[in-house]
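The lines below spell out each chain.
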Amino acid sequence: MTNLIRMDLYRLQRSTAFKVCTVLAVVFALAIVPFDYLMTLLANMLVSDDKVTQFNKVRQLSTFLRSPFPFVNAMLAMISVTSFFYADIEFGYVKNIAGQMPKKGYAVLSKYTATFVHNLLFMLIGVVFSLLGALPFVTIATTQSVGGALAVFAVKFLLMQACCALLIWFVVGLRSKSLGTTFSVLMGTGLLTLLYLGIDAGINKLFSLKDFTVTDYMPDQLLNTSNPDAVTSIVVSVIFIALFVLLTVRMFDHRDVK
């Protein structure tokens, strides 16, 4: 199993999708504060002097730690993961790899385990390069709690793993790269909110549960909030990971691999 994980990590770093998405993630992270600065300058050029917007020249380190997926970097990470999950099926390697394992489902567990390293890398890129891009424009302060921000960072890591658990079910369990890619875009950009609103409306109409909203319990929505509730996020992440990873393993074990 260890050798399989090492092989998957090697194949992941050789993936074209991973390289492209990583480069784009670095560019977007570097650009987030300069873009904010440029937009502030442009906005002030179009308004009168009494309505000038002040650019915030002091940013908290905790703010960067709480936002490890700036701009569309969550979407890029998910697209990279989707491509990695589907590679064996797309290029016909899955039969040889699964055939070497005592159980075929180990191939699924190996791929999912590799995403821990992958997602941590994308999150570190988001924080480190956002800071580097911000240094010429702002002063980085540490007056706010860094410990609390690190806790949010860890919670968002779990939420990303929950999203990847759903993706591995789409891509490997259902063998649909297009479905995985579509949900990568929708989850990474938060656009699934529209679907959840429809589900909420249906639930409220059928059961009159006006205080219940699906949005509050979906990993992608929690991931896109600045300060997700820790307990809810952890419970949701554990349920999604256990449900969809084990379901995918079971489906893969009982399928003829071609």
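Look a little higher up for the structure.
Residues numbered from 1 in each chain as written. Predicted model: local features only at pLDDT ≥ 70, side-chain atom pairs only at ≥ 80, totals over all residues. Heavy atoms only, no water.

So, the overall build of the chain
Each helix and strand counted, the chain has 11 helices and two strands in total. In the chain, the order of α-helices and β-strands from amino to carboxyl end is α-α-β-α-α-α-α-β-α-α-α-α-α. Based on the C-alpha atoms only, the size of the chain along its principal axes is roughly 70 × 50 × 35 Å. Contacts in the chain between residues at least 24 apart in sequence constitute 84% of all its contacts with a sequence separation of at least 6. When the accessible area of the chain is evaluated, it comes to approximately 13600 Å², of which 67% is carbon and sulfur surface. Separation between the mean location of the 20 positive side-chain charges and that of the 13 negative ones in the chain comes to 10 Å. (Helix = DSSP H or I, 4+ residues; strand = E, 2+ residues; numbered from the N terminus. Contact = heavy atoms within 4.5 Å. Areas by Shrake-Rupley, 256 points an atom, 1.4 Å probe, with all protein chains shown as cover. Lys, Arg positive; Asp, Glu negative; His and termini not counted. Charge placed at Lys NZ, Arg CZ, Asp CG, Glu CD.)

Side note on the packing of helix α6 (residues 106–134) against helix α11 (residues 230–253)
Direction vectors running N to C along α6 and α11 enclose 145°, while the axes themselves pass 8 Å from each other. Listed contacts from α11 to Ala107, Val108, Leu109 and Tyr112 of α6 are Ile241, Val245, Thr248, Val249 and Phe252. Its residues assigned to classes, the contact of α6 with α11 comprises eight nonpolar, one polar and no charged. (Axes fitted to C-alpha atoms, helices over the stretch in contact; angles between N-to-C directions. Nonpolar A, V, L, I, M, F, W, Y, C, P; charged D, E, K, R; others polar.)

Things to note about the pattern of salt bridges
If the charged atoms of two oppositely charged side chains come close together, the side chains can form a pair. All told, the structure shown has four salt bridges when counted by the stated rule. A salt bridge links arginine 59 to aspartate 36, with the shortest nitrogen-to-oxygen separation between them at 2.7 Å. Taken together, the residues span a long stretch of sequence, with arginine 59 in strand β1 (residues 58–60) and aspartate 36 in helix α2 (residues 16–45) at a distance of 23 residues. In this structure, lysine 111 and aspartate 88 form a salt bridge, with 2.7 Å as the shortest nitrogen-oxygen distance. One end of the pair, lysine 111, is in helix α6; the other, aspartate 88, is in helix α4 (residues 73–91), and 23 residues separate them in sequence. You'll find lysine 111 and aspartate 88 in the same group, each marked buried. By sharing partners, the salt bridges in this structure join Asp8, Arg11, Asp88 and Lys111 into a single network. (Salt bridge = Lys/Arg side-chain N within 4 Å of Asp/Glu carboxyl O. Buried < 20%, exposed > 50% of the residue type's maximum accessible area, 1.4 Å probe, protein only.)

What about the environment of tyrosine 112?
Along the chain, the position of tyrosine 112 falls in helix α6. With relative accessibility at 5%, the residue tyrosine 112 sits in the buried group. Through-space distance from the C-alpha of tyrosine 112 to that of valine 81 is 9.2 Å; in sequence the pair is 31 residues apart.

Focus on the nonpolar core
Core analysis: the largest hydrophobic core is formed by 63 residues, its most contacted members being Phe69, Phe85, Phe122, Met160 and Met187. In terms of residue count, helix α7 (residues 146–173) provides more of this core than any other element does, 17 residues in total. Not counting the four nearest positions on each side in its chain, methionine 187 is found in contact with Met78, Cys163, Leu166, Leu167, Leu192, Asp220 and Asn224. (Core = buried A, V, L, I, M, F, W, Y, C linked by side-chain atoms within 4.5 Å.)

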